[in-house]
Amino acid sequence: MKLIDGKFIAGEIKKEIAKETAEIIDKGLNPPHLVAIIVGDDPASQTYVASKEKACKEVGFTSSVYKHSEKITENELLEIIDFINKDDEIHGLIVQLPLPKHISPDRVIQRINPLKDVDGFHPENIGKMVLSLPTYLPATPYGIIQLFERYNIETEGKNCVILGRSNIVGTPMGILMTRKANPGNSTVTICHSRTKNLKEICSKADILIAAIGSPEFVTADMVKKDAVVIDVGIHRVKSNKTKSGFKLKGDVKFDEVSKKCSFITPVPGGVGPMTIVSLLRNTLEAAKKLAY
Ligand code: GUN
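In what follows, the accompanying structure is described. (Residues numbered from 1 in each chain as written. Predicted model: local features only at pLDDT ≥ 70, side-chain atom pairs only at ≥ 80, totals over all residues. Heavy atoms only, no water.)

Some details on the overall build of the protein
Cut-off, in case you're wondering: Counting from the N terminus, the helices are the DSSP runs of H or I reaching at least four residues and the strands are the DSSP runs of E reaching at least two. Radius of gyration: C-alpha atoms only; globule rule: 2.2 Å multiplied by the number of residues to the exponent 0.38. Here's how the labels work: a residue is buried when its accessible area is under 20% of the maximum for its type, exposed when over 50%, partly exposed in between, all with a 1.4 Å probe on protein chains only. Residues count as neighbours in contact if any of their non-hydrogen atoms are within 4.5 Å of one another. What sets the accessible areas is the Shrake-Rupley method with a 1.4 Å probe; for residues, cover comes only from the shown protein chains. His is not counted, nor are the chain ends, whereas Lys and Arg count as positive and Asp and Glu as negative. Just so you know, the charge point we use is NZ for Lys, CZ for Arg, CG for Asp and CD for Glu.
Scanning the protein from terminus to terminus reveals 10 helices and 11 strands. Its C-alpha atoms give the protein a radius of gyration of 19 Å, within 12% of the compact-globule value 19 Å for 292 residues. Expressed as lengths along the three principal axes of its C-alpha atoms, the size of the protein is roughly 55 × 40 × 40 Å. For the protein, with 292 residues in total, the buried portion stands at 49%. Considering only contacts in the protein between residues 6 or more positions apart, those separated by 24 or more positions represent 71%. Accessible surface, the protein: about 14600 Å² in total, of which carbon and sulfur atoms supply 52%. The centroid of the 40 positive side-chain charges in the protein is displaced by 6 Å from the centroid of its 35 negative side-chain charges.

Now the structure itself:
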């Protein structure tokens, strides 16, 4: 079994982005500027946004976080987005999900200028991705594609099973894996809560991508020998083995699955860091398109 070291690869990509950013600044131009909007105080969202902000600083980007109380109305949020859309000093905008129940994520995402939509969630950008036109790819699937590329993992003609059909991970991942491209050209099955024979389908996967949101859901008996296993999950679960009383777990039961597969991403240090650098890459592209 070979560990896919997302943390290391993300570090290498960050160096590439930092070098390009330094060259931009040397030319007397402003560095890329990412704005993250966060509504309410969901602890996981606070952590994700703080990591994104830290990563921006590491590569020399400007980053701003707009924090709003969960009492903000949908209209107020849409007006803030309009304001950011018009601001030439801001190149990328993300609205951290989930949003409070009274705000429609669809209306919010559709209000973002597609050229600033560095999450790649706007219908125009999703449409371009489906048609293989140049666009911003959603960060987590884009990060996983880069891991396949950098580890020379063959995807052509492989059976790829994806657990989860979210707009953020499962659905775009399926599109990217079926595209006529390398990485891509896989035969994809997307499984979800209504799927029958889940175990049987998983056990035929050459590539298994778990984004189901349930800690240690994937067990060794669901995995084919020598499969490539990508774990998108991240869960803080109680543990009596750590000082903090918590441990991070993925969607995959790492200890048993790692003994059976050819490649696996750890949690933490696998997919997570790749998601963040993909967002940085998209922000750099946005700045190039809008300002340089
Ligand atoms: N919530 C969980 N993942 C993401 C992401 O990639 N982008 C945004 N905006 N919200 C998220």
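Brief notes about unusual backbone geometry
Look at the link from Leu 97 to Pro 98: it is a cis peptide, with omega at 5°. In this fold, Pro 98 is placed in the loop between strand S4 (92-95) and helix H4 (105-111). Here the amide bond leading from Asn 182 into Pro 183 is cis, since omega sits at -5°, within 30 degrees of zero. Within the secondary structure, Pro 183 sits in the loop between helix H7 (170-178) and strand S6 (187-191). Phi angles above zero are rare outside glycine, and Asn 197 is one such case at about 55°. Mapped onto the elements, Asn 197 comes out in the loop between S6 and helix H8 (198-202).

A word on the pattern of salt bridges
Selection criterion: Think of a salt bridge as a Lys or Arg side-chain nitrogen and an Asp or Glu carboxyl oxygen that are within 4 Å of each other.
Evaluation of the coordinates by the stated rule reveals 17 salt bridges. Residue Lys 54 pairs with Glu 58 through a salt bridge whose shortest N-O separation is 3.3 Å. Taken as a pair, Lys 54 and Glu 58 lie in helix H2 (residues 43-59) at a separation of 4 residues, close to a single helical turn. Here Lys 54 falls in the exposed class, since its relative accessible area comes to 55%. A relative accessible area of 41% means that Glu 58 is categorised as partly exposed. Its salt-bridge partner being Arg 107, residue Glu 74 comes within 2.4 Å of it at the nearest N-O pair. Of the two residues, Glu 74 is situated in helix H3 (residues 74-86) and Arg 107 in helix H4; the sequence distance between them amounts to 33 residues. In this structure Glu 74 comes out as buried when scored by relative accessible area, which is 13%. Through salt bridges with shared partners, a single network forms among Lys 14, Lys 54 and Glu 58.

Let's talk about the packing of H2 against helix H10 (residues 271-291)
Rule in force here: Here, axes are lines fitted to C-alpha atoms. For helices the fit covers the stretch in contact, and angles between N-to-C directions go from 0 to 180 degrees. Roughly parallel refers to an angle under 35 degrees, roughly antiparallel to one over 145, roughly perpendicular to one between 65 and 115, and oblique to any angle outside these ranges. Here a crossing is called left-handed whenever its near helix is offset anticlockwise from the far helix by less than a right angle, and right-handed whenever the offset is clockwise.
It is at 10 Å that the axes of H2 and H10 come closest, and there the two elements cross at 55°. Between H2 and H10, the crossing angle belongs to the class labelled oblique. As H2 packs across H10, the resulting crossing turns out to be right-handed. Together, Ser 51, Lys 52, Ala 55, Cys 56 and Val 59 of H2 and Ile 276, Leu 279 and Leu 280 of H10 make up the contact between the two elements.

Some thoughts on the sheet that holds S4
Heads up, the rule is: Being paired, for any two strands, means DSSP has found at least two bridges between them.
With respect to topology, 3 strands assemble into an open sheet ordered S3-S2-S4, the strand pairing being parallel. Both edges of this open sheet fall to strand S3 (62-68) and S4, since each of them pairs with a single strand only. Each adjacent strand pair in this sheet contributes to an overall mean axis angle of 15°, direction not counted. Pairing geometry for strand S2 (residues 33-39) and S3, over 7 bridges, is parallel. What sits directly across from Val 35, in S3, is Ser 64. Contacting S2, S3 and S4, H2 runs over the sheet at an angle of about 160° to S3.

Quick word on the site of the ligand
Filter applied, for reference: We call a residue near a molecule or strand when any one of its heavy atoms sits within 4 Å of it. In the analysis that follows, any N or O atom pair within 3.5 Å is treated as a polar contact, provided that within protein one partner can donate a hydrogen and the other can accept it, and provided that, for residues neighboring in sequence, both atoms belong to side chains. Under the scheme applied here, ten amino acids are nonpolar (Ala, Val, Leu, Ile, Met, Phe, Trp, Tyr, Cys and Pro), four are charged (Asp, Glu, Lys and Arg), and all others, including Gly, are polar.
The environment of the ligand is made up of Lys 52, Val 95, Gln 96, Leu 97, Asp 119 and Phe 121. One of the side-chain nitrogen or oxygen atoms of Gln 96 is found 3.2 Å away from a nitrogen atom of the ligand. About the coverage of the ligand: the protein hides 84% of its 280 Å² of free accessible area. Looking at side-chain class alone, the shell around the ligand contains 3 nonpolar, 1 polar and 2 charged residues.

Distances and angles like these do not, on their own, reveal function.
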